[in-house]
Amino acid sequence: MKQTRPRNLASDNNAPICPEAWEAMEEANRDHASAYGTDEWTKGACEAVRRIFETDCEVFFTFNGTAANSLALASLCRSYHSVICHSLAHVETDECGAPEFYSGGSKILLVEGKDGKVSPDSVEEVVHRRTDLHFPKPKVVSITQSTEVGTVYTPAELRQLGAITHGLGLYLHMDGARFANSLAFLNCPPKDITWRAGVDVLCLGGTKNGLAIGEAVVFFNKDLAKEFEYRCKQAGQLCSKMRYLSAPWLGMLRDGAWLRRAGHANDCAARLEDGLKDIPGVKVLYPRQANAVFAKMKPRVIAGLYARGWSFYDFIAAGGCRLMCSWDTTFEDVDQFINDTTELTSSKEDHTKDHPVQKH
Ligand SMILES: *Cc1c(COP(=O)(O)O)cnc(C)c1O
């Protein structure tokens with residue numbers, strides 16, 4: 001029986017495990033190995049991360065991004081400190097207060113900035129706004145690469161943010177849930193958008209890149225990694241059969257699979273943007289740089305796409321539909337979506353009663 005393609009542009013975490021990660025998992029599954037990260041696979045994965053970033057950094061593996069971000073932030077803050085981030089940042093909108101919880105109360109301070117990026121001026125403004133002891137002392141700037149709206153900070157933008165952040169005596173944290181997509185877009189060495197630009201700690205995303213499970217916390221500022229393993233253990237993030245968490249990283253990082261897979265997802269998004277921007281009544285909302293396209297469409301068109309089996313979010317970030325491509329999205333999927341959108345735009349079909357669309 002012919003299988004129909006999943007019409008899924010909801011998220012890159014809806015995609016299956018990619019072959020390179022799966023094969024590495026199988027290789028790790030042939031024998032016994034020591035537990036809690038003392039095995040050869042984990043050592044190798046940490047080495048692979050160091051090789052890619054061309055520096056001696058401390059690497060830890062967690063089950064998910066919420067834990068990676070909040071434990072990383074907790075290690076940069078005391079309870080009376082604060083973390084500056086964009087109002088659309090995942091740490092603010094999608095982590096259920098975990099950064100505040102794990103840091104024992106550090107407050108998140110929101111700033112704005114065009115295209116989902118923290119503006120350097122807003123960092124200066126919020127730090128200088130209050131310097132008395134009644135206000136939670138800013139200690140960290142947290143940025144997302146690629147951003148929640150699918151845009152990418154350039155190396156120059158990051159260097160500027162890094163200089164301002166360190167100049168103010170703050171640390172720079174990067175939520176890199178889609179770091180590979182930003183790198184594939186920029187086509188620069190990973191060090192240029194991390195430690196060379198002043199990033200102290202990076203939460204490197206694996207799940208959305210094609211792993212089954214897992215993110216890596218990468219401390220470029222090694223002093224900040226002190227006792228981090230205790231935080232992981234206390235938070236239930238120390239995997240006992242660690243090799244199954246770490247081996248897939250080896251699979252992704254060897255031979256550049258992580259960038260090829262992310263680059264393909266980006267290419268799909270670029271094709272999607274190209275097709276959508278010419279359809280009357282469809283408005284692409286942000287510069288498409290990584291693997292997401294945000295588009296404003298009529299509720300009738302959105303409902304029609306749902307009726308045809310497509311899934312995507314229509315309420316994320318600042319509005320519009322978020323169409324997220326993954327390593328396994330195909331050009332045929334993209335063309336189908338564009339065709340369906342084109343057809344629905346010019347038809348009278350109305351499914352809004354069966355498929356309620358979130359206000360946006
Ligand atoms: C998906 C995502 C995360 C990680 O989320 P988990 O569900 O906790 O793994 C972190 N930051 C951003 C920007 C994300 O999109």
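Residues numbered from 1 in each chain as written. Predicted model: local features only at pLDDT ≥ 70, side-chain atom pairs only at ≥ 80, totals over all residues. Heavy atoms only, no water.

Student: Sorry, what's going on with the layout of surface pockets here?
Tutor: A water-sized probe, rolled over the atoms, reveals where empty space remains. Here the largest pocket is characterised by a volume of approximately 600 Å³. Surrounding the largest pocket, 27 residues form its lining, His90, Asp94, Arg178, Lys208 and Arg322 being those nearest its centre. Secondary structure elements with two or more residues in the lining of the largest pocket: helix H3 (65-76) and helix H4 (90-93). It is H3 that contributes the most residues to the lining of the largest pocket, three residues altogether. Classifying every residue of the lining of the largest pocket gives six nonpolar, 13 polar and eight charged. Both of domain 1 (19-254) and domain 2 (257-345) provide at least three residues apiece to the lining of the largest pocket. (1 Å grid on protein atoms, 1.4 Å probe; cavity = no way out; pocket = protein on both sides within 12 Å on 5 of 7 lines; lining within 4 Å. Points joined across faces, edges and corners; volume = space filled by probe spheres on them. Helix = DSSP H or I, 4+ residues; strand = E, 2+ residues; numbered from the N terminus. Nonpolar A, V, L, I, M, F, W, Y, C, P; charged D, E, K, R; others polar. Domains from an automatic or database assignment.)

Student: Can you walk me through the site of the ligand in this structure?
Tutor: By nearness alone, every residue bordering the ligand is listed as Asn64, Gly65, Thr66, Asn69, His90, Thr144, Glu148, Asp175, Ala177, Arg178 and Lys208. Residue Arg178 places a side-chain N or O atom 3.1 Å away from an oxygen atom belonging to the ligand. In the environment of the ligand, an oxygen atom lies 2.6 Å from a nitrogen or oxygen atom belonging to the side chain of Lys208. If the ligand stood free it would expose 390 Å²; the protein chains cover 81% of that surface. Under a 2 Å grid-point criterion requiring more than half of the atoms, the pocket assigned to the ligand is the largest pocket. (Near = heavy atom within 4 Å. Polar contact = N/O pair within 3.5 Å; in protein donor to acceptor, adjacent residues only side chain to side chain. Areas by Shrake-Rupley, 256 points an atom, 1.4 Å probe, with all protein chains shown as cover. Sits in = over half its atoms within 2 Å of the grid points.)

Student: Sorry if this is basic, but what is going on with the nonpolar core here?
Tutor: General note: in soluble globular proteins, nonpolar side chains tend to be found buried as a group. Counting residues in each nonpolar core, the largest one holds 55 residues, and the members touching the most others are Phe61, Ile84, Ile143, Phe179, Leu202, Leu204 and Trp258. No other element matches the six residues that helix H2 (residues 40-53) contributes to this core. Ignoring sequence-local partners within four residues, the contact set of Phe61 consists of Thr42, Ala45, Cys46, Glu215, Ala216, Gln237, Met242, Leu245, Ser246 and Trp249. (Core = buried A, V, L, I, M, F, W, Y, C linked by side-chain atoms within 4.5 Å. Buried < 20%, exposed > 50% of the residue type's maximum accessible area, 1.4 Å probe, protein only. Contact = heavy atoms within 4.5 Å.)

Student: It is not clear to me how the domain arrangement of the protein should be interpreted in this structure. Could you clarify?
Tutor: Accessible area lost on assembly of the parts is the figure often given for the size of an interface. Looking at the protein, the domain boundaries give domain 1 (19-254) and domain 2 (257-345). The C-alpha centroid of domain 2 is placed 27 Å from the C-alpha centroid of domain 1. Contacts between the two partners involve 26 residues from domain 1 and, on the opposite side, 22 residues from domain 2. When domain 1 packs against domain 2, close to 2,000 Å² is buried across both sides, 61% of that on carbon and sulfur atoms. Taken together, domain 1 and domain 2 are joined by two salt bridges. (Buried area = accessible area lost by both parts, 1.4 Å probe. Salt bridge = Lys/Arg side-chain N within 4 Å of Asp/Glu carboxyl O.)

Student: For this particular structure, what's the right way to read the UniProt feature "domain: Aromatic amino acid beta-eliminating lyase/threonine aldolase" (unreviewed entry) in the protein?
Tutor: UniProt records the feature "domain: Aromatic amino acid beta-eliminating lyase/threonine aldolase" (unreviewed entry) for residues 8-297 in the present numbering. Across residues 8-297, the secondary structure splits into 39% helix and 16% strand, with the terminal C-alpha atoms separated by 17 Å. (UniProt positions renumbered as here; feature names shortened; annotations may be inferred.)

Student: Looking at this model, I keep getting lost on helix H10 (residues 243-253). Mind explaining?
Tutor: Note: α-helices contain 3.6 residues per turn, so residues at a spacing of three or four share the same orientation. With 10 of 11 residues buried, H10 is to be regarded as a mostly interior element. Within H10, burial applies to Arg243, Leu245, Ser246, Ala247, Pro248, Trp249, Leu250, Gly251, Met252 and Leu253. Buried residues belonging to H10 abut helix H1 (19-27), H2, strand S1 (58-62), strand S6 (201-205), strand S7 (215-219) and helix H11 (257-276). Looking one or two places after H10, you find Asp255, whose phi comes out positive at around 60°.

Student: How should I be thinking about empty space enclosed by the protein in this particular structure?
Tutor: This structure, assessed with the given rule, holds two cavities of 30 Å³ or more. Considering only enclosed or pocket space, the largest cavity measures out at about 50 Å³ in volume. Forming the boundary of the largest cavity are Asp12, Asn181, Lys208, Asn209, Arg261, Ala262, Ala265, Asn291, Cys325, Ser326 and Trp327. Per-element accounting of the lining of the largest cavity gives the leading share, three residues, to H11. In terms of residue class, the lining of the largest cavity is made up of four nonpolar, four polar and three charged. When we break the lining of the largest cavity down by domain, the ones giving at least three residues each are domain 1 (19-254) and domain 2 (257-345). For the second largest cavity, the calculated volume is near 30 Å³. Taken together, Ser146, Thr147, Glu148, Gly150, Arg178, Asn291, Ala292 and Met324 make up the lining of the second largest cavity. A breakdown of the residues in the lining of the second largest cavity according to their chemical character gives two nonpolar, four polar and two charged.

Student: How should the environment of Arg260 be read in this particular structure?
Tutor: Tracing the sequence through the fold places Arg260 in helix H11. Of the residues examined, Arg260 reaches a relative accessible area of 49% and is grouped as partly exposed. Remark: the alpha-carbon pair of Arg260 and Ser70, spanning 190 residues in sequence, is separated by 29 Å. Ignoring anything within four residues of it in the chain, the contact list for Arg260 reads Glu20 and Asp255. Here the side chain of Arg260 touches Asp255 through a polar contact of 2.7 Å, landing on its backbone oxygen.

Student: Just to check I follow, could you spell out the pattern of salt bridges for this structure?
Tutor: A side chain of one charge can pair with a side chain of the opposite charge when the charged atoms of the two come close. Within the structure shown, the criterion is met by 21 salt bridges. When the shortest N-O distance is used, the salt bridge between Asp56 and Arg50 registers 3.8 Å. You can call Asp56 partly exposed: its relative accessible area is 48%. Here the residues in one salt-bridge network are Arg7, Arg308, Asp340, Glu343 and Glu349, joined through shared partners.

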